[in-house]
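Inside the fold
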Amino acid sequence: MFQTYDDSADPTLGAARVARLRALLKEEGLAGFLIPRADEHQGEYVPPRAERLKWLTGFSGSAGMAAVLEEKAAVFVDGRYTLQVREQVDTEIFETCHMVDMPLGTWLAKHLKGGAKLAYDPWLHTVDGVARLKKALAGTGAELVPVTENLIDRIWEDQPPPPAAKVEAHSAELAGEAAQEKLARVAKVLEDKKADAAVLTMPDSIAWLFNIRGGDVSHTPLPLSFSILRADGSADLFIDSAKLSDETRAHLGNVVTLHEPDAFGVNLGELGESGAHVQIDPASCADWINSKLLASGAKVQHGADPCELPKACKNAREVQGAKDAHERDGAALVRFLAWLDAHAPLGEVDEISAAKQLESFRAETGALKDISFDTISGAGEHGAVVHYRVTEATNRKLNVGELYLVDSGAQYLDGTTDVTRTIAIGKPSAEMKDRFTRVLKGHIALSMARFPEGTTGAQLDALARMALWQAGLDFDHGTGHGVGSYLSVHEGPQRISKAGHEPLRPGMIVSNEPGYYKTGAYGIRIENLQVVTPAAMIDGGERPMLGFETLTLAPIDRRLIDPALLNADERAWLNAYHARVEKVLKEKLTDGQEQAWLSEACRPV
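Residues numbered from 1 in each chain as written. Predicted model: local features only at pLDDT ≥ 70, side-chain atom pairs only at ≥ 80, totals over all residues. Heavy atoms only, no water.

**Regarding the overall build of the chain**
Broken down by element type, the chain carries 20 helices and 27 strands. Rg of the C-alpha trace for the chain: 25 Å, near the compact-globule value of 25 Å for 605 residues, within the 12% margin. Projected onto its principal axes, the C-alpha coordinates of the chain cover approximately 65 × 55 × 50 Å. Across the chain, the fraction of contacts at a sequence separation of at least 24, relative to all contacts at a separation of at least 6, is 70%. When the accessible surface of the chain is summed, it comes to about 23900 Å², and 50% of that surface belongs to carbon and sulfur atoms. (Helix = DSSP H or I, 4+ residues; strand = E, 2+ residues; numbered from the N terminus. Rg over C-alpha atoms; globule rule 2.2 N^0.38 Å. Contact = heavy atoms within 4.5 Å. Areas by Shrake-Rupley, 256 points an atom, 1.4 Å probe, with all protein chains shown as cover.)

Here it is in structure tokens:
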């Protein structure tokens, strides 16, 4: 099993650990310290060694920040985690704050005194992040001070060692493009921007560029490393040599010059001393790297990670790989849903046994490399916790009359999947059906969207919310995120949300996952992945329009649909989708009972 169900976060330890941190602050003459949920690469997923926020506070979400001052402390989270954070941290020690309602900068300006020195680890904060902090503290008299050694590391005695997973080659057959070709293409971008070099800090960009995959973080095949790419097409890779097999070295060949990680700072300094124009992405580059470049004389240019956009626009081979992965994954999901229907009403299933069974069906494909994230297996009120993670302590039965929300995904060599289904256990209430159908209407609206080139996710986001808005309802998370190709299940720069300002382009894969959450009662989410299709003319139209092709194949629970709320177009979309699901997946099932279940689940509405 790739997922574990223990809970190493213990909020009762927070008081003693904060006391030790405050003693260290006093010893160093500091007024406070910032603890982000981040590592040196600023990715969403971090190795155990970097789980400093969890160690200090107990909060285990994938995004957050703690601030510990001499007398005050707070944890800042986004809308996904407002319920979870209150359950996981000691609220006698930490104030819990929504990042929008009470931003970190506002809170710091309120509590820091003039002359106070607020410490931060420059490896764990981005260039943009530090700029925002300095702006927030301007006028307060407080000073932002970098530390050379993380203060949490100084008091965390049993901190795990750095990860050292083996790095493997990802074949050009699966990638659809050789690493040499990618290097030439990205180097041309640098040349056009008159940059001599770019510093790559995001491991998914490095994995994509060099066609390699690793295992340094859970569920995402990332090789933690740094790279310097030059406009002449040459590149340096800074990675622990113990991670590299002879086969991987042969794959990299003459594409890249290999260095140990401790040579990274030296090479940055040499870039600066040569007076090079060096591009960094201020949204993801650590402040330490920026400071090192500037101090050594580099002419730093700000720009997006040059790998991010080409990585997001999947080529034909990657799109086909995604389709193959979703067909394989869909068959496993159908087997799980049929099993669930047979056993859950009998009181035989709990959240953990359900998640384990789903992972088992995926493993039986023989192609599963990992799950793409810890399965969100939420029954009843747990479904209302957007990123709920079941543990042995929180595990509960799936009871008749409740809803069960399962958000899961898989990593296959040919693609990454992410799918959510909400299932009625027994007979749902009228309210449940109303809310579910409104979420479904939003999901269908986004699936059917046609839009001109240049359209952003922010412009489409309202389509998924309109049916909820009309009933005075909404959901407090984005509608969709990008997805990688056997890489991160959350990928930029594209997303469908109020803050999604990157134009959607052909080949981009995005999720479509509107939801509704009734605190203390149930949660609803319907999620498919879809790929942006090339612009094409519409009969009678004047301009070509982009669109979406749905990748995910799995039945949507008909028992939760109120047909009276669907219009003719929505009903037609749903029936066509289910007809496709049945046609594609039925031949992948060998059990007659599972085939019969699928046919019943896909009956027209």
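**A short note on the UniProt feature "domain: Peptidase M24 C-terminal" (unreviewed entry) in the chain**
Mapped onto the present numbering, the UniProt feature "domain: Peptidase M24 C-terminal" (unreviewed entry) falls at residues 544-605. When the span residues 544-605 is considered, its composition is 47% helix and 10% strand, and the gap between its end C-alpha atoms is 32 Å. (UniProt positions renumbered as here; feature names shortened; annotations may be inferred.)

**Description of the nonpolar core**
Grouped burial of nonpolar side chains is what soluble globular proteins tend to show. By size, the foremost hydrophobic cluster in this structure holds 63 residues, and its most contacted members are Phe336, Leu340, Leu398, Tyr404, Leu440, Ile556 and Leu598. Per element, the largest residue contribution to this core is 9 residues, and it comes from helix α14 (residues 316-343). (Core = buried A, V, L, I, M, F, W, Y, C linked by side-chain atoms within 4.5 Å. Buried < 20%, exposed > 50% of the residue type's maximum accessible area, 1.4 Å probe, protein only.)

**Quick notes on unusual backbone geometry**
Cis peptide bonds are those with omega within 30 degrees of zero, and the linkage from Gly492 to Pro493 qualifies with 5 degrees. Structurally, Pro493 is set in strand β22 (residues 491-496). Here the phi dihedral of Lys194 falls at roughly 55 degrees; this positive angle occurs in a residue that is not glycine. Inspection of the secondary structure assignment puts Lys194 in the loop between α8 (179-192) and β8 (197-200).

**Section: the environment of Pro47**
Here Pro47 lies in the loop between β1 (32-36) and α2 (52-57). Pro47 gets classed as buried once you look at its relative accessible area, which sits at 5%. Separated by 177 residues in sequence, Pro47 and Leu224 place their C-alpha atoms 9.3 Å apart.

**Section: the UniProt feature "domain: Peptidase M24" (unreviewed entry) in the chain**
Per the UniProt record, the feature "domain: Peptidase M24" (unreviewed entry) sits at residues 323-533. Strand forms 25% of residues 323-533 and helix 28%; the C-alpha atoms that close the span are 13 Å apart.

**Focus on the sheet that holds β8**
Strand order in this open sheet of 6 strands is β12-β11-β10-β8-β13-β14, and the pairing throughout is mixed. Strand pairing shows two members of the sheet lacking a second neighbour, β12 (257-259) and β14 (299-302), which therefore form its edges. This sheet shows a mean twist of 25 degrees between the axes of neighbouring strands, independent of strand direction. The strands that helix α12 (residues 287-295) touches are β8, β10 (226-230), β13 (277-280) and β14; relative to β14, the one it contacts most, it runs at about 145 degrees. (Pairing = 2+ DSSP bridges. Axes fitted to C-alpha atoms, helices over the stretch in contact; angles between N-to-C directions.)

**Description of the pattern of salt bridges**
Between side chains of opposite charge, pairing is possible as soon as their charged atoms come close. All told, the structure shown has 35 salt bridges when counted by the stated rule. In this structure, a network of salt bridges that share partners links the residues Asp204, Lys311, Lys314 and Glu491. (Salt bridge = Lys/Arg side-chain N within 4 Å of Asp/Glu carboxyl O.)

**Description of the side chain of Thr552**
Tracing the chain through its elements places Thr552 in the loop between β27 (545-550) and α19 (568-586). A residue is classified by how much of its surface remains accessible, and Thr552, at 3% relative accessible area, is buried. Of note is the side chain of Thr552, whose polar atom sits 2.7 Å from the backbone nitrogen of Leu529. (Polar contact = N/O pair within 3.5 Å; in protein donor to acceptor, adjacent residues only side chain to side chain.)

**A closer look at the domain arrangement of the chain**
Where interface size is quoted, it is often the accessible area lost as the parts come together. Each domain of the chain was delimited in the assignment, giving domain 1 (11-155), domain 2 (168-310) and domain 3 (313-597). One C-alpha centre belongs to domain 1, the other to domain 2, and the line joining them spans 29 Å. Taken together, the 16 residues of domain 1 in the interface contact 21 residues of domain 2. At the boundary of domain 1 with domain 2, total buried surface from both sides reaches about 1400 Å², with 67% on carbon and sulfur atoms. Broken down residue by residue, the surface that domain 1 buries against domain 2 is led by His41, Trp123 and Val127, which jointly contribute 48%. The interface formed by domain 1 and domain 2 contains 0 salt bridges. Put simply, domain 1 and domain 2 have 9 residue pairs in polar contact (both at pLDDT 80 or more) between them. Residue contributions to the side of domain 1 that touches domain 2 peak at 3 residues, all from helix α5 (residues 127-137). For the side of domain 1 that touches domain 2, the class distribution of residues is 8 nonpolar, 5 polar and 3 charged. (Domains from an automatic or database assignment. Buried area = accessible area lost by both parts, 1.4 Å probe. Nonpolar A, V, L, I, M, F, W, Y, C, P; charged D, E, K, R; others polar.)

**Section: the packing of aromatic side chains**
With the rule as written, the count across this model stands at 11 aromatic pairs. Aromatic pair Phe59 and Tyr81: ring centres 5.4 Å apart, planes at 80 degrees, arrangement edge-to-face. Here Tyr81 lies in the loop between β3 (73-77) and α3 (82-88) and Phe59 lies in the loop between α2 and β2 (65-69), a separation of 22 residues in the sequence. Judged by relative accessible area, Phe59 falls into the buried class, the value being 1%. Since its relative accessible area comes to 2%, Tyr81 is described here as buried. Aromatic side chains Phe451 and Phe548 sit 5.2 Å apart centroid to centroid with 45 degrees between the ring planes, which places their arrangement in the tilted category. With Phe451 in the loop between α16 (430-447) and α17 (457-460) and Phe548 in strand β27, this pair connects stretches of sequence that are 97 residues apart. Like Phe548, Phe451 is buried. (Phe/Tyr/Trp six-rings, centres within 6.5 Å; stacked < 30°, edge-to-face > 60°.)

**As for the pairing of β27**
For β27, the tally of buried residues reaches 5 of 6 residues, placing the bulk of the element in the interior. Sheet analysis places strand β26 (residues 528-536) next to β27, joined by 5 bridges and oriented antiparallel. Opposite Ala536, over in β27, you have Met545 as the bridge partner.

**A closer look at the pairing of strand β11 (residues 235-238)**
Across the two faces of β11 the burial is the same, with Ala235 and Leu237 and Asp236 and Phe238 all buried. As defined by bridge partners, β10 adjoins β11 across 4 bridges and the pair is classed as antiparallel. What sits directly across from Phe226, in β11, is Phe238. Linking β10 back to β11 in an antiparallel pair, the connection comprises 4 residues, with Gly233 at a positive phi of about 95 degrees. Pairing of β11 with β12 involves 3 bridges; the strand directions are parallel. The partner of Phe238 across the bridge, within β12, is His259. Read from β11 through helix α10 (residues 246-252) to β12, the crossover connection turns out right-handed. (Right-handed = clockwise from strand over helix to strand, strands pointing away.)

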